[in-house]
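Remarks on the overall topology
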Amino acid sequence: MGIASINPATGETLKVFEPLTDEAIATALERSQQAFERHRRTSFAQRAERMQRAAQILIDRKAEFAKLMTLEMGKPIGAAIAEVEKSALVCRYYAEHAAEFLADVSIPTDGDSFVRYQPIGAVLAVMPWNFPFWQVFRFAAPALMAGNVGLLKHASNVPQSALAIAEVFDQAGFETGAFQTLLIGADRVAQLVADERVKAATLTGSEPAGASLASHAGAAIKKTVLELGGSDPFIVMASADLDAAVAMAVTARMINNGQSCIAAKRFIVQEAIADAFTQKLVERYAALKVGDPLLPDTQIGPLATPAILQDLVHQVQRCIEAGGKILIGGDISALPTQQDERLRRGNFYPPTIVADLPTEAAIAKDELFGPVAMVFRVPDLEAAIALANDTPFGLGASAWTTVDAERDRLINDIEAGSVFINSMVKSDPRLPFGGIKRSGYGRELGAQGIYEFVNIKTVWVKSSDV
Ligand code: NAP
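Here's a quick rundown of the structure. These numbers were taken from a predicted model, which means no experiment stands behind them. (Residues numbered from 1 in each chain as written. Predicted model: local features only at pLDDT ≥ 70, side-chain atom pairs only at ≥ 80, totals over all residues. Heavy atoms only, no water.)

Taking 1.5 Å as the rise per residue, helix α4 (residues 77-101) with 25 residues should run 36 Å; its terminal C-alpha atoms sit 35 Å apart, in good agreement. Within α4, the axis deviates most sharply at Ala 95, by approximately 35 degrees. (Helix = DSSP H or I, 4+ residues; strand = E, 2+ residues; numbered from the N terminus. Expected span 1.5 Å × (residues − 1). Bend = angle between axes of the 7 residues up to and from the residue.)

Dropping the structure here:
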């Protein structure tokens, strides 16, 4: 249904928006260019003051924004509040560090030489619905602090979140047009990328969307950053603290109702502890509370759209056809939400564990975007690493061990943009975030994130004493 907010817990349509006309898009691009001319001349101190104000607005209005996200895409309300707080944190982080990251770097040569980092202009951000605020703020905070301006094409199912974010930057005092939300469908992205006023683009989403955007950007010779899917391994060696690993395994898979790119998706467990691990995991899955995400004690809300639910149902079916065994879940009709008149039409899926799936099955390498864990058994470290890497993706990896030699092998040999030892994979404003292989390229966050969309200008001045 075009651009619309539909409550995924109830199926109720909350608001429908008309996509922008060509004329409105042209006006927004013009405004963006004018804003850039003013914004790029502001000092780091001025930008930081505005960014700190944006952070404060997020904190002051966190209950309102969190409810908006939960209503539009179904994440549990507690997680939504935490997401608004984390968005404020990334604003503060770049407000405090951008000047240091982007200071001139002098390099000794035969002249007076240095590198100066300069903004490039309007950056288009094509964003997903799963973290409607966090994904946008982690792009916008470094981009605006670097002196760029932002154009947001958010996912079509979170238009109210998209509009609220633009309002935050306006209220924070950024130049009019420095950050604009364009309510448009994916079919308008190519035209934007081709426009000479758009200088670069970043996309977080699926592989087909990333490939499409990158091909248009390539034709126009524009830089892109792509943050795409993942099928992250969660490796548990026999030496690991089993209870800690199991507890984290639940959080790592279930975060955001299972719809996170860096959720643990493939649990790779050493044979010696596989029975114990699986049994404890099943017990914990059985205790998870599925229901209305606006209730504070709900742990698993609905999937964001009916299409995502259908995809997951189909994927679990493929797991069974390939020989996988369902240890718990897999049956929507058994959910308590089915007995609730208000929630019956919601996109709920039960916490599900699939075991004994042959590793060579195509579905074993796929990304399952929902509360479904695949558990695999391996004899040793060698087999664990081989299976972890046997996927087209390379986003993150979590590995559990208390043996130093195992830890070092895992850090070195896992093919991924990040490895977390004895913890789940998570994003942090201070640490670079991104993937390799089909998970994309480029980095967000940390110092590295701010360098993606700047002109790294080399300056050489003949020394007066040479
Ligand atoms: P999606 O369909 O690719 O949507 C993401 C965004 O791309 C939306 O704004 C969408 O707009 C737009 N889009 C879709 N097709 C496009 C095209 N051909 N050209 C340009 N833009 C296009 O992704 P999704 O399935 O909703 O999101 C889930 C995926 O995102 C998963 O694979 C997940 O792992 C990945 N993800 C990755 C990260 C990361 O940091 N690596 C983080 C979160 C999610 P419309 O909504 O209008 O279609």
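We now examine the environment of Pro 233. Among the secondary structure elements, Pro 233 is positioned in strand β10 (residues 232-236). The exposure class of Pro 233 is buried, given its relative accessible area of 6%. Between the C-alpha atoms of Pro 233 and Ser 398, which are 165 residues apart in sequence, the distance is 6.4 Å. Residue contacts for Pro 233: discarding those within four places in its chain leaves Arg 266, Ile 268, Ala 388, Gly 396, Ala 397 and Ser 398. (Buried < 20%, exposed > 50% of the residue type's maximum accessible area, 1.4 Å probe, protein only. Contact = heavy atoms within 4.5 Å.)

Taken together, 26 residues form the shell around the ligand, and within it Trp 129, Ser 156, Ser 206, Leu 228 and Glu 367 come nearest. Within the side chain of Lys 153, one N or O atom sits 2.9 Å away from an oxygen atom of the ligand. Side-chain polar atom of Ser 156 to an oxygen atom of the ligand: 2.5 Å apart, as the coordinates give it. Notes on the ligand: free accessible area 910 Å², of which the protein chains cover 82%. The set of elements that each furnish at least two residues to the shell around the ligand consists of α5 (134-145) and α8 (207-219). Of the residues belonging to the shell around the ligand, the class tally is twelve nonpolar, ten polar and four charged. (Near = heavy atom within 4 Å. Polar contact = N/O pair within 3.5 Å; in protein donor to acceptor, adjacent residues only side chain to side chain. Areas by Shrake-Rupley, 256 points an atom, 1.4 Å probe, with all protein chains shown as cover. Nonpolar A, V, L, I, M, F, W, Y, C, P; charged D, E, K, R; others polar.)

Strand order in the open sheet made by the seven strands is β12-β13-β14-β11-β10-β16-β17, with mixed pairing throughout. Bordering the open sheet on either side are β12 (325-328) and β17 (418-421), each of which pairs with just one other strand. This sheet shows a mean twist of 25 degrees between the axes of neighbouring strands, independent of strand direction. Across the face of the sheet, helix α10 (residues 271-286) comes into contact with β10, β11 (264-270), β12, β13 (352-355) and β14 (372-378) while running at roughly 140 degrees to β11. (Pairing = 2+ DSSP bridges. Axes fitted to C-alpha atoms, helices over the stretch in contact; angles between N-to-C directions.)

Turning next to the side chain of Asn 389. Among the structural elements, Asn 389 can be located in helix α12 (residues 381-389). Judged by relative accessible area, Asn 389 falls into the buried class, the value being 16%. With residues up to four places along the chain from it excluded, the contact list for Asn 389 reads Asp 413, Ile 414, Glu 415 and Lys 437.

As a further point, take the nonpolar core. As a rule of thumb, nonpolar side chains are buried together in soluble globular proteins. Formed by 85 residues in total, the largest nonpolar core has its most connected members in Met 51, Leu 58, Tyr 94, Leu 124, Phe 137, Phe 169 and Phe 179. Ranked by the residues each element gives to this core, the list is headed by α4, at eleven residues. Not counting chain neighbours up to four residues away, the residues in contact with Phe 137 comprise Leu 58, Ser 87, Val 90, Cys 91, Pro 142, Ile 165, Val 168 and Phe 169. In terms of nonpolar packing, the next biggest core, distinct from the first, is built from 35 residues, Ala 155, Ala 361, Ile 385 and Ala 416 among them. (Core = buried A, V, L, I, M, F, W, Y, C linked by side-chain atoms within 4.5 Å.)

Within the secondary structure, Lys 462 sits in the segment after β20 (454-461). The exposed category is assigned to Lys 462, whose relative accessible area is 59%. Residues Lys 462 and Ser 113, 349 residues apart in the sequence, show an inter-C-alpha distance of 8.5 Å.

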